[in-house]
Amino acid sequence: MSSSEKIETQNKDTLEDETELISADARSRLVGSFKGAPSYIARGFLRRGRSFASRIARGMRRFFGFFRHPSSNTYNLAINTRNSFRAGIRKLRRELDALSTIQLIAILGVFTVFLIAPLLSVVVFSFTTSSGDFTLNHMLSLFTDPNIWPFRILPSGIIDFRGNLEGSFYLANANILAIWGPDFGAIINSIYVAVFVTGVSVVLGVFFAFIIARYEFPGKRIVRTLLIFPILAIPFVGAIGIKVFLGYDGFINKLFFDTLHILPFRIWLRGLAAIIFVQSFSLFSLVYLNAYSSFMSIDPSLEEQAENLGATGFKLFRSVTLPMAMPGIQAGAILTFILSIEDLGSPIVFQDHQSARNTLAFQVFQNVATQSGQVDPKGPAIGVLLLIFAFIGFMAIRKYTSLRSYDSGTKGGQWNPRTRRISNRATLLLYAILIPVMFLALIPQISVIMISFAGSWAPTSLFPDIWTTSNYEVLWAFPDVANSISVTLFYGIVATVIIVLLGSSAAYVIARKDIPGKTALDLLVTSPIALPGIVIATGFFTLFYTTPIFPAGHPAFLIIMSYSVRKFPFTVRAAYAGMMSTPVVLEEASQNLGASKNKTFYKITLPLIGVSVLAGSLLSFIYSVSEVSTSLILGSVGHQEAPMTYWTSRVLDMIGPYGGPNSASCLGVVLMSMQWVVITVTNKILGARSAAMTGI
């Protein structure tokens, strides 16, 4: 054998060896991953531990160094603090004029009184006795309640599990499979429901966002419009329709079991399983809107460069497109998790099953919403747990997206997005996937509308025997319900005016003023979107109840302020986007021509960002009138001043000609109609920047 043949044979053997090493099957890789997981985790903890230890060591050295030379260190600390304070004051004087100063004071005043103070009040109330002494009993008592925490350590040292692992039941004689999910107590229940909902929402949201952003096909505009519809029915309203549709004799079972004979048995979703279904198909649009905005903002040249280097198809999506869109996807997913864990409406609708009552939001509601205004310390203590989850989630959102990152997202309109038309065969396959998923996603809207017009409905009939509009008489025949519609519109309008004034001011200060603490201000005005409304409402009770701003039986003022604070981020986000896309030179030119800063703000800045402010204010209005948690909590002590969402809950539980799901669905249709008009208009205004509709 010649030397060249030997070299070729050796190279071939080497390639075969390398191929054998690389082509390990999936099972081997999975086993290797499991075996290596403990060492990976240990090394990770070790690295974190070393880093933490080094920080502690540096802090201890500084601490003891201070006491070794107290006089010099105290003097240096005082000098540095004084210099920093003076520099900050000089910067504030240089940056803030009279108008900006008033704007900043107003923003800080409103958020301090109606956000920070109530949240601190909840925390203080949870850790103090009636006499004002510090105690941990309120918090520790949560972990002895089986409805909150399922584990208990017995005196013998044995862990007693008090949860219910039975999550379904099959009734053979009626051919019904009832599913509600295992019950582990409110803490674990809320977490695993939120995890399931977030997982489903991410899969659906990213799939739809990528299809709409990257492909052209017949009916795309219709599909894009329908994808906004899940936002229209808040989980509370959608749950009313789904409870009827997914009952053991509901429309779905009549269609797929009795008529089409597709299902082998009737499926009855109850408790946590029903909540997961409702929230998943109501909240996935949050992920869709943010993912769509992220996909549209990707520079096409980056993907083209990757294609030139050989990355195509799924590899291009996995290695380039998805990582670049991940900040928006992650922000939407975290917001979905937070909104799922704080959702109060769905547990109220499905409270006929114990597992639905064993959720954190419902437990807070149960211990706070009393007509006497009395607050059980258990409610605020659970609220603190909700607040912790929300704070962790919000800080995670801030890691991936913030107001100041929005200007990069708006650049998506500067280039044509990469889209391609798919073949007719691929279009048919796409619709084979889209139609079933869209049907499930639109069940809340379809069911609520159908139930609102349903008269008598025989148990064996697929559709109502009689269609009628008499159910809508509840809107004017029942005095408190009729009053709630006008009251809700009034609350929404007043709150929107406050939001526009303060929101445009906050966006202006953050975008145009380089002041100390601007990051903290940014954090403050965007935080309400991720803070549980039920905790804020609880803080209003613990701090303001029976005071002049919250007299017994008159929650109107605090309902307006809760709407103003909670829906603030939508207007701020939209106004900031408009501010960042407005050239500063236009304002500078106005001032160079002799206009004051105040006149420039009113004559130049506001008109230029007017469209963005309009879109944000419309969103703030529509999300205000459909607010659930604060409306239910605050409305419980003042029925005549309670908004529509409170009376939707009351009507659902009432018995009589104006009670039940049919009448409650009529109120839901009114809410959805208002949302449909407003969200369609704002989506048209915002275009590809539709992530602003989520307020993050």
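Participant: Describe the overall build of the chain, listing the residues and the values that go with them.
Facilitator: Per the secondary structure count, the chain includes 31 helices and 7 strands. Within the chain, the proportion of its 696 residues that are buried is 49%. When contacts within the chain are restricted to residue pairs at least 6 apart in sequence, long-range pairs at least 24 apart make up 75% of them. In the structure as shown, the chain presents an accessible area of about 32800 Å², 65% of it carried by carbon and sulfur atoms.

Participant: Could you give an account of the sheet that holds strand E4 (residues 176–179), with specific residues and numbers?
Facilitator: The strand order across the open sheet formed by 3 strands is E3-E4-E6, and the pairing between neighbours is mixed. Edge positions in the sheet fall to strand E3 (168–171) and strand E6 (266–269), since each has one partner strand and no second. Taken pair by pair, the neighbouring strands of this sheet meet at an average axis angle of 15 degrees, ignoring direction. Bridge count between E4 and E6: 4 bridges; the pairing is parallel. Across the sheet, Leu 177 pairs through a bridge with Ile 267, a residue of E6.

Participant: Just give me the short version of the nonpolar core, but keep the residues and values in it.
Facilitator: Residues Phe 208, Phe 295, Phe 350, Val 525 and Phe 541 are the most contacted members of the largest nonpolar core, which totals 174 residues. Broken down by element, the residue count for this core peaks at 18 residues, all from helix H11 (residues 271–296). Residues within four places of Phe 295 in sequence aside, it is in contact with Val 206, Ala 209, Phe 210, Ala 213, Arg 214, Phe 317, Thr 321 and Ala 325.

Participant: Which residues make up a nonpolar patch on the surface, and what are the values?
Facilitator: Where nonpolar side chains cluster on the molecular surface, the patch consists of Phe 151, Ile 153, Ile 159, Phe 161 and Leu 165 and spans about 510 Å² of accessible area. Of all the secondary-structure elements, those providing two or more residues to the nonpolar patch are strand E1 (151–153) and strand E2 (159–161). Mapping Phe 161 onto the fold places it in strand E2.

Participant: Please give an account of the pattern of salt bridges that cites residues and values.
Facilitator: Summed over all chains, the structure comprises 9 salt bridges. Across the pair Glu 216 and Lys 220 runs a salt bridge whose closest N-O atoms are separated by 3.2 Å. Owing to a relative accessible area of 28%, Glu 216 belongs among the partly exposed residues under this scheme. Its relative accessible area of 15% is what places Lys 220 among the buried residues. For Glu 342, the salt bridge identified is with Arg 566, shortest N-O distance 3.4 Å. Residue Glu 342 is found in helix H13 (residues 313–342), and its partner Arg 566 is found in helix H24 (residues 556–566); the two are separated by 224 residues along the sequence. Accessibility assignment for this pair places Glu 342 and Arg 566 in one class, buried. The network of salt bridges with shared partners includes Glu 342, Arg 566, Lys 567 and Glu 627.

Participant: Account for helix H10 (residues 251–259), naming residues and giving values.
Facilitator: Those residues of H10 lying buried are Phe 251, Ile 252, Asn 253, Lys 254, Leu 255 and Phe 257. Of the residues flanking the end of H10, it is His 261, one or two places downstream, whose phi is positive at about 55 degrees.

Participant: Kindly report on the packing of aromatic side chains, identifying the contributing residues and their values.
Facilitator: All told, the structure shown has 32 aromatic pairs when counted by the stated rule. Pairing Phe 114 with Phe 544 gives two aromatic rings, centres 6.1 Å apart and planes at 45 degrees, and the pair type is tilted. In this pair, Phe 114 sits in helix H4 (residues 98–126) while Phe 544 sits in helix H23 (residues 533–544), placing the two residues 430 residues apart along the sequence. Residue Phe 114 is classed as buried on the basis of its relative accessible area, which comes to 10%. With a centroid separation of 6.0 Å and 55 degrees between ring planes, the pair formed by Phe 161 and Phe 184 is classed as tilted. Of this pair, Phe 161 sits in strand E2 while Phe 184 sits in the loop between E4 and helix H6 (186–214); the two residues are 23 residues apart in sequence, bridging distant segments of the chain. Among the aromatic residues, those joined into a cluster by ring pairs are Phe 143, Trp 149, Phe 151, Phe 161, Phe 184, Tyr 192 and Phe 196.

Participant: Tell me about the packing of helix H26 (residues 584–592) against helix H27 (residues 597–608), residues and numbers included.
Facilitator: As a packed pair, H26 and H27 sit with axes 10 Å apart at the nearest point and diverge in direction by 145 degrees. Helix-helix and strand crossings are classified by hand; for H26 and H27 the assignment is right-handed. Facing H26, whose interface residues are Leu 586, Glu 587, Ser 590 and Gln 591, H27 presents Lys 597, Thr 600, Ile 604, Thr 605 and Leu 608. Its residues assigned to classes, the contact of H26 with H27 shows 3 nonpolar, 4 polar and 2 charged.

Participant: Summarise unusual backbone geometry; cite the residues concerned and give the values.
Facilitator: The phi dihedral of His 261 is positive, around 55 degrees, even though this residue is not glycine. By the secondary structure assignment, His 261 is in the loop between H10 and E6. Residue classification places His 261 among the exposed positions, given a relative accessible area of 60%.

Participant: For the pairing of E4, give the residues involved together with the corresponding values.
Facilitator: The sheet contact formed by E3 and E4 spans 4 bridges and is antiparallel. By the bridge assignment, Phe 169 is partnered in E4 with Ala 178. With antiparallel pairing between neighbouring strands as the criterion, E3 and E4 make up a hairpin whose turn holds 4 residues, including Asn 175 at a positive phi of roughly 55 degrees.

Participant: Outline the confidence of the model for the chain, supporting the account with residue identities and numerical values.
Facilitator: Averaged over every residue, the pLDDT of the chain is 79; the share at 70 or more is 81%. Here helix H18 (residues 406–409) stands out as the least confident element of the chain, with mean pLDDT 40; H24 is the most confident, with 93. Within the model, pLDDT remains below 50 along residues 6–24, and this stretch shows 3 contacts once partners closer than five positions in the same chain are excluded. The model gives residues 402–414 a pLDDT under 50, and that stretch makes 22 contacts with residues more than four places away or in other chains.

Participant: Got a sec to walk through the environment of Gly 185? Specific residues and values, please.
Facilitator: Topologically, Gly 185 is positioned in the loop between E4 and H6. Along the backbone, Gly 185 and Ile 148 are 37 residues apart, and their C-alpha atoms lie at a distance of 4.5 Å. Not counting the four nearest positions on each side in its chain, Gly 185 is found in contact with Pro 146, Asn 147, Ile 148 and Asn 358.

The rules we used
Residues numbered from 1 in each chain as written. Predicted model: local features only at pLDDT ≥ 70, side-chain atom pairs only at ≥ 80, totals over all residues. Heavy atoms only, no water. Helix = DSSP H or I, 4+ residues; strand = E, 2+ residues; numbered from the N terminus. Buried < 20%, exposed > 50% of the residue type's maximum accessible area, 1.4 Å probe, protein only. Contact = heavy atoms within 4.5 Å. Areas by Shrake-Rupley, 256 points an atom, 1.4 Å probe, with all protein chains shown as cover. Pairing = 2+ DSSP bridges. Axes fitted to C-alpha atoms, helices over the stretch in contact; angles between N-to-C directions. Core = buried A, V, L, I, M, F, W, Y, C linked by side-chain atoms within 4.5 Å. Patch = residues over 30% accessible without salt bridge, like charges linked within 9 Å, V, L, I, M, F, W, Y side chains within 5 Å. Salt bridge = Lys/Arg side-chain N within 4 Å of Asp/Glu carboxyl O. Phe/Tyr/Trp six-rings, centres within 6.5 Å; stacked < 30°, edge-to-face > 60°. Left-handed = near helix turned anticlockwise from the far one by under 90°. Nonpolar A, V, L, I, M, F, W, Y, C, P; charged D, E, K, R; others polar. pLDDT = per-residue confidence, 0-100.

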